[in-house]
Amino acid sequence: MTLRVWDLAHGRSGDKGDICNIGLIARDDAAYTTLCQQVTPERMHQHFGDMIKGDIERYELPNIRALNFVCKGALDGGGTLSLRSDHLGKVMYTWLLRMELDDE
Amino acid sequence: MNRVHQGETGMKSVKLGTGLAFWGDALRPAIDMVERADIQYLCCDHLAELTMSILNKQKARKSDLGYTTDIIPFLRGVLPKCHERGIKIISNAGGSNPEACTEQVMELCRELGLHGMKVATVTGDDILDRIDDLLADGEEFINTDTGQKMAEIRDKVTHANVYIGCDGIVEALEQGADIVICGRVTDAALYLGPMRHELGWAADDWQSLGAGTGVAHCIECGGQATGGLYSGGWHDMPRLASLGYPVTTVTENGEAILSKTPQSGGAVTVGTVSEQLVYEVLDPANYLTADVVADVSQIKLDQVGPDQVHIHNVKGKPAPATLKVNMGYRAGFVGEAQFTYTWPDAVKKAKAGLEFLNERLEQVDFQAEDTRVEYVGHNSMWGPEVVDPPDDPDLQEIVVRFAARCPTKEEARKVFTESVPLYNNGPAGASGIGTRPPIKELYGIWPCLIPRELITIKTTVREVQP
């Protein structure tokens, strides 16, 4: 069976100008370890393709088993200018939840 | 009725309620809260990035507009109870016209017979009229995202408001204000103001201010901390339609217990608060505000009871030397059209319909800076960047959304006008075109900074007279 980020985490996303930040909350300690190992900015770039045009920074919040991804150039110019239906990036996190992981 | 709460630990504490989280938010949670929860303050955020552009446009049209008008029905719903129980209200509904907002609030107080109420106005955030002087004095307002100078948008600027901290709110509370009306203060300041006032934190007590700001961030989006939008288990969330908003007890050591209105829907769990904590945060170790740089990277959240989460281990660092400016500029208009095709050959017809629309737009010399095609129900949230257009020949139906960013309103209007003939001139079986949508004006946000010493906050307190 395919292992996806959704099997290990839940999340939320939002906007700050043309930046979309995506937070992931791991379901347990083992899941957090796997996410830290596998959900790298490089993997994110592959998964999001042209949807995220700028850099992706990853930050860790270990005590709540959370990762925060700051994605630049991710909202087609920013929430107030974007032609996207999801101009505020409210469901960007669900695209990350779909990302497939290596099942070790 | 200045109640100083003392917990079991003997520490001072203050109980804050989240009233509203954005312009247009539900009024019911706050009404339920002031009836059922023992709060001292009701804190209300009405402003988003885009809101200031809209408000300034309204003010330009009519000088007594420019505030978020939901403050009036909101206060009508909660004020009698707040007055009776001594609950103070902190709001940024003033938007780009706090003075006009205050007038309306005082008028409402008179109408409700609440004489003696003290209403404060906090101003100083609006620098629109100072831009040219500031530019002449050497301020450059360089775009912090792109590095560009603001000269290229100078003549299109619609608003310029500095995200100011909680100093004006603290001053108002010290002068005995019952209602504090602000403009573009930070969301966190709406909460940090009462914390500083009640808990005696100094303006440079970075550790306490950082901790308080972390708490404020958890609760400033209302229902998003209490089970709303909870991706970790929305299906188990009770009574979302009667969601309770955060009720938070902050102690003088900067720790807090986040709960919600008794007998309300939703839940407060480590999961619901964690999701809110990561919402709209950049570097969690450097959460910049006007009052302090908070460090939430090592935050701890513990479930200490049903619907009770203990927030602790948030740190603070000195406030930045510069304040963030929220500057907006006119950036054109959006024209949109939407239409639906059904089986047989839904996808083929949809693509033919799009060609029809594009050709007609060419015939009228349509000018657009950018266009976008999305298929609703298939890739409208993702776009062609990651999900190809549909190709299933047996699809029952497909909705096409076409949007264009245009330099003028006239160009934007062409999108709908040229899509209407799809009804009887285009490929077979078009439906769902709808009625003429309003043309949306676009505003760009120009993020930039200003040295804090150039901003002076002014607080005025007035009493409601018969």
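Within every chain, residues take consecutive numbers counted from 1 along the sequence as written. Here chains are named by letter from A upward and ligands by number from 1 upward, in the order in which they appear as written. Selection of residues for local features in this predicted model requires a pLDDT of at least 70, selection of side-chain atom pairs for listing and counting requires 80 or more, and totals for whole chains, interfaces and linings are taken over all residues.

Some thoughts on the overall build of chain B
The number of helices and strands found in chain B is 11 helices and 20 strands. Taken over the C-alpha trace, chain B has a radius of gyration of 25 Å; the compact-globule value for 466 residues is 23 Å, and the two agree within 12%. In terms of overall dimensions, chain B has a C-alpha envelope of 75 × 55 × 45 Å along the principal axes. Taking all 466 residues of chain B together, 53% fall into the buried category. C-beta atoms are first placed from the backbone for all residues, and any pair lying within 7 Å is then listed as a contact. If you take every contact in chain B between residues at least 6 apart in sequence, the share linking residues at least 24 apart comes to 78%. By definition, any uninterrupted DSSP run of H or I lasting at least four residues is a helix, any uninterrupted run of E lasting at least two residues is a strand, and each is numbered from the N terminus. The globule rule used here is 2.2 Å times the number of residues to the 0.38 power, and the radius of gyration it is set against is calculated over C-alpha atoms. Partly exposed residues are those whose C-beta has more than 12 but fewer than 20 other C-beta atoms within 10 Å; with 20 or more the residue is buried, with 12 or fewer it is exposed, and the C-beta atoms are placed from the backbone.

Things to note about the overall build of chain A
The secondary structure content of chain A amounts to four helices and six strands. Sequence-ordered secondary structure for chain A, helices as α and strands as β, is β-α-β-β-α-α-β-β-α-β. With respect to the three principal axes, the spread of C-alpha positions in chain A is 40 × 30 × 20 Å. Across the 104 residues in chain A, those meeting the buried criterion constitute 52%. Within chain A, contacts between residues at least 6 apart in sequence are counted, and of these 59% link residues at least 24 apart.

Description of unusual backbone geometry
Residue and element names in this part refer to chain B. For the peptide bond that leads from W343 to P344, omega is 5°, which places it in the cis range. Following the sequence through the fold, P344 ends up in the loop between β15 (322–342) and α10 (346–363). The residue D307 is not glycine, and still its phi comes out positive at about 55°. Along the chain, the position of D307 falls in the loop between β12 (300–305) and β13 (308–312). Despite not being glycine, D345 shows a phi value in the positive range, around 60°. The residue D345 is located in the loop between β15 and α10 in this model.

A few points about the domain arrangement of chain B
Interfaces are often sized by the accessible area lost when the parts come together. Each domain span listed reflects an automatic or database assignment of domains. Domain boundaries in chain B define domain 1 (5–125 + 163–320) and domain 2 (330–445). For domain 1 of chain B versus domain 2 of chain B, the separation of C-alpha centres amounts to 41 Å.

Notes on helix α7 (residues 189–199) of chain B
Residues and elements named next belong to chain B. Of all 11 residues that make up α7, 11 are buried, and the element is covered over most of its length. Contacts from the buried residues of α7 go to β2 (12–20), β3 (41–44), β4 (88–91), α6 (167–174), α8 (206–219) and β8 (246–251). Once α7 ends, the next one or two residues include G200, with phi positive near 70°.

A few points about the interface of chain A and chain B
The partner chain B presents 42 residues to the 31 residues of chain A that form the contact. Broken down by element, the side of chain A that touches chain B gets its largest block of residues, five residues, from strand β2 (residues 9–16) of chain A. In this classification, Asp, Glu, Lys and Arg are treated as charged, Ala, Val, Leu, Ile, Met, Phe, Trp, Tyr, Cys and Pro as nonpolar, and every other residue, Gly included, as polar. Partitioning the side of chain A that touches chain B into residue classes produces 12 nonpolar, 13 polar and six charged.

Details of the nonpolar core
Generally speaking, soluble globular proteins have nonpolar side chains that are buried together. In terms of nonpolar packing, the biggest core is built from 169 residues, with L24 of chain A together with L42, V105, V119, I169, V180 and L258 of chain B touching the most fellow members. The biggest single contributor to this core is β15 of chain B, with 10 residues. Split by domain, this core shows at least three residues from each of two domains, domain 1 (5–125 + 163–320) and domain 2 (330–445) of chain B. For I169 of chain B, the residues in contact, after removing those within four places along its chain, are I90, V122, V180, C182, V185, A189 and G193 of chain B. For the purposes of this analysis, a nonpolar core is taken to be any set of buried Ala, Val, Leu, Ile, Met, Phe, Trp, Tyr and Cys residues that are connected through C-beta atoms within 7 Å.

A word on the pairing of β13 of chain B
Residue and element names in this part refer to chain B. What you see with β13 is a clean split: V309 and I311 sit on the buried side and Q308, H310 and H312 on the side with no burial. If DSSP finds at least two bridges between two strands, the strands pair. By the bridge criterion, five bridges tie β12 to β13 in an arrangement that is antiparallel. Looking at the pairing, K300 lines up with H312 of β13. The antiparallel pairing of β12 with β13 creates a hairpin that spans two residues between the two strands, and D307 there sits at a positive phi of about 55°.

Describing the sheet that holds strand β10 (residues 287–288) of chain B
Residues and elements named next belong to chain B. Taking strand neighbours across the sheet as the criterion, the three strands line up as β10-β11-β14 in an open arrangement whose pairing is antiparallel. Looking at the sheet topology across the chains shown, the edges are occupied by β10 and β14 (315–317). Where strand β11 (residues 293–295) lies against β14, three bridges are found, and the strand directions are antiparallel. Paired with V293 across the strands is K317, a residue of β14. Axis lines are fitted through C-alpha atoms, for helices just across the contact stretch, and the angle between N-to-C directions can take any value from 0 to 180 degrees. Against the sheet, α8 engages β10, β11 and β14, with an angle of about 120° to β14.

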